[in-house]
Amino acid sequence: MIKAQGLRCGYDKTEVLRGLDLHLDSAELAVLIGPNGAGKSTLLFALLGFLKAWAGKVSLYGKDLNAYGRLELAKQIAFVPQESFFQFDYRVYDVVMMGRYPYLGMMQSWSQADHQMVGKVLASLNLGELSQRYYSELSGGEKQRVLIARALAQDTRYIFLDESLSQLDINHQIDIMQLLRSINQSQGKGILIISHNLNLAANYADRMIFIKSGRILGQGTPQEMMQEHLLQDLFGTRLSTHINPESKVPNIVYPGK
Ligand code: ADP
């Protein structure tokens, strides 16, 4: 379990997270939702150990995140950015192999087990045919799949994703959410994703975590959180919700003219 207690942190002298408590179970799919600038990415970076807590603490399995070595932590939590810009043009196979870095000893080369892991992950995400293509030449949806494959090759208990859906068309957003759900269910990995797509989040997540002004405004199941007054508090605008007959959870309906 990952736990943040009284977490405060930010950049330079500006505090962004203002005393935040959160726990993440390693078997759930949770979504961070909130307006721009609320502190969602900052929270993700603090939970990943990229940003140090100014006060309070973050712990993983009861041990302070600061007490983990960088490689030790990379074996526990994988990070999927919106998009990666590599200094060189790598082939898909090599991007996915990057997930194996935490397991590479000093001066070692990739082992048979590393190649097997990459092969397995590529096959499971239907990326086998793309494995020799250059990452830079892929579409947005394919790039996201490759970055998720890299995270899977990292063989962690947790995967965190930073707005991985926002550049994708609706078809690929659904595809990535379904993929994350199946990874969560079949491999029991804890997944935390920042998303601006309320309806997809509601349809696929176990828990929605609402963040506003560096604090948790509320959290709970999609049924509990997709309520008009909570959405009004979060975004400052009236959004009406109706039960989606397919998913059976409340979805927002966009207002008319
Ligand atoms: P969100 O992900 O919810 O949009 P962020 O966590 O990215 O919000 O940002 C929260 C606040 O922190 C914003 O006011 C933003 O301008 C500020 N911020 C984000 N990144 C940096 C940075 N690298 N340096 C200084 N301020 C930053």
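Everything in this summary refers to the structure shown in the same document. Per-chain numbering applies: the sequence of each chain, read as written, is numbered from 1 onward. In keeping with the predicted nature of the model, local features appear solely for residues at pLDDT of at least 70, side-chain atom pairs appear and are counted solely at 80 or more, and the whole-chain, interface and lining totals rest on all residues. By convention in this description, side-chain values take in all heavy atoms of the structure and omit both hydrogens and water.

A cavity, in this analysis, means grid points on a 1 Å lattice covering only the protein atoms where a 1.4 Å probe fits yet has no way out; a pocket is instead an open set bounded by protein on both sides within 12 Å along at least five of seven lines, and a residue lines either one if it has an atom within 4 Å of a point. Grid points are joined across faces, edges and corners, and a volume is the space filled by probe spheres set on the points. If you add up the space inside the largest pocket, you get close to 490 Å³. Helix and strand labels come from DSSP, where a helix needs a run of H or I of at least four residues and a strand needs a run of E of at least two; each type is numbered from the N terminus. If you list the elements that add at least two residues to the lining of the largest pocket, you get helix H2 (70-74) and strand E6 (77-80). If one sorts the elements of the lining of the largest pocket by residue count, H2 sits on top with four residues. Looking at the lining of the largest pocket residue by residue, the class counts come to 13 nonpolar, five polar and three charged. Amino acids outside the nonpolar list (Ala, Val, Leu, Ile, Met, Phe, Trp, Tyr, Cys, Pro) and the charged list (Asp, Glu, Lys, Arg) are all regarded as polar, and Gly is one of them.

On to the pairing of strand E3 (residues 29-33). Counting buried residues in E3 gives five out of five residues, a clear majority hidden from the surface. Relative accessibility under 20% of the residue-type maximum defines a buried residue, over 50% an exposed one, and the middle range a partly exposed one, all with a 1.4 Å probe and only protein chains included. Every second residue of E3 is oriented toward a common face, with Leu 29, Val 31 and Ile 33 on one face and Ala 30 and Leu 32 on the other, all of them buried. Taken together, the four bridges between E3 and strand E8 (residues 190-194) define a ladder with parallel strand orientation. Across the sheet, Ala 30 pairs through a bridge with Leu 192, a residue of E8. Two strands pair under a simple rule: DSSP has to find at least two bridges between them. The sheet contact formed by E3 and strand E9 (residues 207-212) spans four bridges and is parallel. Note on E9: the bridge partner recorded for Ile 33 is Phe 210.

Moving on, we get to empty space enclosed by the protein. Scanning all chains against the criterion turns up one cavity of 30 Å³ or more. Of the pockets and cavities examined, the largest cavity occupies roughly 70 Å³. Each residue belonging to the lining of the largest cavity can be placed in one class, and the counts come to six nonpolar, two polar and three charged.

One non-glycine residue, Asn 126, adopts positive backbone phi at about 55°. Positive phi, close to 50°, is recorded for Ser 213, a residue that is not glycine. Mapped onto the elements, Ser 213 comes out in the loop between E9 and strand E10 (215-220). When its relative accessible area of 40% is taken as the criterion, Ser 213 is described as partly exposed.

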